[in-house]
Amino acid sequence: MNIKNKQLAENKARLFEQIEQSGVLSNATLHALASIDRENYVDDQFAPQAYHDVTLPIPAGQTISQILVVGIMIEALSLSWEDKLLEIGTGSGYQTAVLSKLNRRVFSVERFAELVTEAEKNLQAESNNNYTIMHADGFDGFASQAPFDKIIVSAASENIPDKLLQQMKVGGIMVLPLGKDGQKQELLKIIKTQDSYTTHSLGYVKFVPMLTGTA
Ligand code: SAH
């Protein structure tokens, strides 16, 4: 282990100790998060900050979320191995990697072709390959695989995307940041009911915007 890796390992151990002590994550979520090395999902120049409590730049002007925020979103999904799961906003593939430790097959949608390639490259370093990444507009969901038990959205929209609601099973859970670009957004847990849905606030966050179309 070189000095750089030793420093990262120490940083990682320290951050996970803090996250564990905060008591907001179950052991299963903590374990899945800790099993992924976040430095492998960012450019080498940002690797030293992989275990700081910050978002980090990824290609196409996007960002990789903070580890704790990923954990809080995943925890709110109450994910089972057998759940049909959809992720919107693959980005670097970091969160896809964490989800793939907790779920049978992760379906993920990303609007930037460049990031689909990047995520697939990053994910190849993992031992498992139980994920499917589609280059498409996440506002359309993933119709051929619907309905879903769980949906996790990692880009902020001003309204709850209709098609995502339609592609959920009754009793299903969607976690998404809702609000305008550049402002504080509310992280919501939505549970679909027979005729409508209920919403529960998980706090405030700042995500990149969910944009229509592909690039
Ligand atoms: N979870 C990612 C973080 C992604 S940042 C990670 O772990 O790295 C949010 C991502 O959502 C960006 O990659 C952005 O391109 C993507 N995105 C934004 N609008 C989208 C849309 N309509 N459909 C699919 N992906 C979208």
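Here the residue index of a chain counts from 1 through its sequence in written order. Totals for whole chains, interfaces and linings use every residue, but because this is a predicted model, local features are given only for residues with pLDDT of at least 70 and side-chain atom pairs only at 80 or more, for both listing and counting. Water and hydrogen atoms were dropped before computing side-chain values, which therefore reflect all heavy atoms in the structure.

Asks: Explanation requested: the nonpolar core in the structure shown.
Replies: Grouped burial of nonpolar side chains is what soluble globular proteins tend to show. We call a set of buried Ala, Val, Leu, Ile, Met, Phe, Trp, Tyr and Cys residues a nonpolar core when their side-chain atoms join them within 4.5 Å. Note on classification: 1.4 Å probe, protein chains only; a residue is buried when its accessible area is under 20% of the maximum for its type, exposed when over 50%, partly exposed between these limits. Counting 45 residues, the largest nonpolar core has Leu33, Ile67 and Tyr94 as the members making the most contacts within it. Put simply, DSSP H or I for four residues or longer makes a helix, DSSP E for two residues or longer makes a strand, and each gets a number counted from the N terminus. Secondary structure elements with two or more residues in this core: helix H1 (3-22), helix H2 (27-34), strand E1 (56-58), helix H3 (67-76), helix H4 (94-99), helix H5 (113-123), strand E5 (131-135) and strand E7 (168-178). Per-element tally for this core: the top contributor is H3, with six residues. With sequence-adjacent residues up to four places away left out, Ile67 is seen in contact with Leu15, Phe16, Ile19, Leu33, Arg38, Ala50, Tyr51 and Tyr94. Ile88, Phe148, Val153 and Met210 belong to the second-largest nonpolar core, a separate cluster that totals 20 residues. Any pair of residues with heavy atoms lying within 4.5 Å of one another is described as a contacting pair.

Asks: Honestly, the site of the ligand in this entry has me stumped. Any pointers?
Replies: The environment of the ligand is formed by 25 residues, the closest being Ser92, Glu110, Asp137, Gly138 and Leu211. Between N or O atoms, a polar contact is any pair within 3.5 Å; within protein, one atom must be a potential hydrogen donor and the other a potential acceptor, and residues adjacent in sequence are included only when both atoms are from side chains. In this structure, Gln95 approaches the ligand through a main-chain N or O atom, which is 3.1 Å from an oxygen atom. The separation between a nitrogen atom of the ligand and a polar side-chain atom of Asp137 is 3.0 Å. For the shell around the ligand, the leading source of residues is strand E2 (residues 62-64), giving three residues. Each residue is assigned to one class: nonpolar for Ala, Val, Leu, Ile, Met, Phe, Trp, Tyr, Cys and Pro, charged for Asp, Glu, Lys and Arg, and polar for all the others, Gly among them. When its residues are assigned to classes, the shell around the ligand shows 13 nonpolar, nine polar and three charged. The criterion for a residue being near a molecule or strand is simple. One of its heavy atoms has to lie within 4 Å of it.

Asks: Please clarify how the sheet that holds strand E8 (residues 185-192) should be interpreted in this entry.
Replies: Sheet strands pair by backbone hydrogen bonding; their relative direction is either parallel or antiparallel. Pairing between two strands requires that DSSP report at least two bridges joining them. The strand order E5-E4-E3-E6-E7-E8-E9 describes an open sheet built from seven strands, whose pairing is mixed. A strand with exactly one partner marks an edge of an open sheet, and here the two such strands are E5 and strand E9 (197-205). Strand-to-strand, the axes of this sheet are offset by a mean angle of 15 degrees, without reference to chain direction. Two elements, strand E3 (residues 85-88) and strand E6 (residues 148-153), share four bridges in a ladder whose sense is parallel. Within E6, the residue paired with Leu86 across the bridge is Ile151. Taken strand by strand, H5 contacts strand E4 (106-110) and E5, and its axis lies near 165 degrees from that of E5. Interaxial angles span 0 to 180 degrees and are taken between N-to-C directions of axes, which are lines fitted to C-alpha atoms, for helices over the stretch in contact.

Asks: I would appreciate a short explanation of H1 in the present structure.
Replies: Note that an α-helix has 3.6 residues per turn; residues three or four places apart therefore point the same way. If you check H1, its first and last C-alpha atoms are 29 Å apart, about what 20 residues at 1.5 Å a residue would give, namely 28 Å. Every buried residue belonging to H1 is among Leu8, Asn11, Lys12, Leu15, Phe16 and Ile19, and all of these are buried. Each buried residue of H1 lies within a common arc of 130 degrees when the element is viewed along its axis, so the set occupies one face. The exposed set on the far side of H1, more than 90 degrees from its buried face, consists of Ile3, Glu20 and Gln21. Taken together, the buried residues of H1 touch H2 and H3. Of the residues one or two after H1, Gly23 is the one with positive phi, at around 70 degrees. In a helix, the anticipated span is given by 1.5 Å times the number of residues less one. Arc definition: directions from the helix axis to the C-beta atoms.

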